[in-house]
Amino acid sequence: LFFYRLVFFINYFNQIHVVTIFLILGIGADNVFVFADAWKQSRHLWYLVHDLSSRKEAQERNIYGTGELETEVLIHRLVYTIRRAAS
């Protein structure tokens, strides 16, 4: 009620407001599960982001400019995860 009355200047609070809060929380929780699942998949599929064939090729191409193999792989995994979760 604090946010409704003092922040948003809304003087009424209906049942639809409570339902809306649960709906938004449900969508957010679902997105967390999708993101976590995509991160698990990225462990085996991260090289598909830039058509790489191995970890060595990722280090040689140095696409993100870090120069370190583990950092390059983590960035590839994160890019794969975000693309997979957003689609």
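Because the structure is a prediction, the values reported are computed rather than measured.

### So, the pattern of salt bridges
Here's step 1: One pass over the structure, following the stated rule, counts 1 salt bridge.
Here's step 2: We note a salt bridge from Arg-61 to Glu-57, for which the minimum N-O separation is 3.7 Å. Residue Arg-61 and its partner Glu-57 are located together in helix α3 (residues 55–61), separated by 4 residues, close to a single helical turn.
Here's step 3: Judged by its relative accessible area of 42%, Arg-61 falls in the partly exposed class.

### Focus: the side chain of Arg-77
Here's step 1: Along the polypeptide, Arg-77 turns up in helix α4 (residues 69–86).
Here's step 2: With no salt bridge to any partner, buried Arg-77 finds its closest opposite charge in Glu-70, at an N-O distance of 7.6 Å.
Here's step 3: With near-sequence residues (within four places) excluded, Arg-77 lies in contact with Trp-39, Ser-42, Arg-43 and Trp-46.

### Considerations on a nonpolar patch on the surface
Here's step 1: A cluster of nonpolar side chains, namely Phe-2, Phe-3, Leu-6, Val-7 and Phe-8, defines an oily patch on the protein surface of about 560 Å² accessible area.
Here's step 2: On the basis of relative accessible area, Leu-6 is assigned to the exposed category, the value being 56%.

### Focus: the packing of aromatic side chains
Here's step 1: For the structure on display, the rule yields 0 aromatic pairs.
Here's step 2: Sitting over the face of the ring of Trp-39, Arg-77 holds its NZ or CZ atom 4.0 Å from the ring centroid.

### Details of the packing of helix α2 (residues 15–45) against α4
Here's step 1: At a minimum axis separation of 8 Å, α2 and α4 run at an interaxial angle of 135°. The angle between the axes of α2 and α4 places the two elements in the oblique class. The way α2 lies across α4 gives a crossing that is right-handed. Contact residues: Val-34, Phe-35, Ala-38, Trp-39, Gln-41, Ser-42, Arg-43 and Leu-45 in α2; Leu-74, Arg-77, Leu-78, Tyr-80, Thr-81, Ile-82, Arg-84 and Ala-85 in α4.
Here's step 2: Residues belonging to the contact of α2 with α4 are distributed by class as follows: 10 nonpolar, 3 polar and 3 charged.

### Examining the environment of Ser-53
Here's step 1: Note on placement: Ser-53 falls in the loop between α2 and α3.
Here's step 2: Within the local environment of Ser-53, its side chain forms a polar contact with the side chain of Glu-57, the two groups lying 2.6 Å apart.

Reading the values: the criteria
- Residues numbered from 1 in each chain as written.
- Predicted model: local features only at pLDDT ≥ 70, side-chain atom pairs only at ≥ 80, totals over all residues.
- Heavy atoms only, no water.
- Salt bridge = Lys/Arg side-chain N within 4 Å of Asp/Glu carboxyl O.
- Helix = DSSP H or I, 4+ residues; strand = E, 2+ residues; numbered from the N terminus.
- Buried < 20%, exposed > 50% of the residue type's maximum accessible area, 1.4 Å probe, protein only.
- Lys, Arg positive; Asp, Glu negative; His and termini not counted.
- Contact = heavy atoms within 4.5 Å.
- Patch = residues over 30% accessible without salt bridge, like charges linked within 9 Å, V, L, I, M, F, W, Y side chains within 5 Å.
- Areas by Shrake-Rupley, 256 points an atom, 1.4 Å probe, with all protein chains shown as cover.
- Phe/Tyr/Trp six-rings, centres within 6.5 Å; stacked < 30°, edge-to-face > 60°.
- Lys NZ or Arg CZ within 6 Å of the ring centre and 35° of its normal.
- Axes fitted to C-alpha atoms, helices over the stretch in contact; angles between N-to-C directions.
- Parallel < 35°, antiparallel > 145°, perpendicular 65-115°, else oblique.
- Left-handed = near helix turned anticlockwise from the far one by under 90°.
- Nonpolar A, V, L, I, M, F, W, Y, C, P; charged D, E, K, R; others polar.
- Polar contact = N/O pair within 3.5 Å; in protein donor to acceptor, adjacent residues only side chain to side chain.

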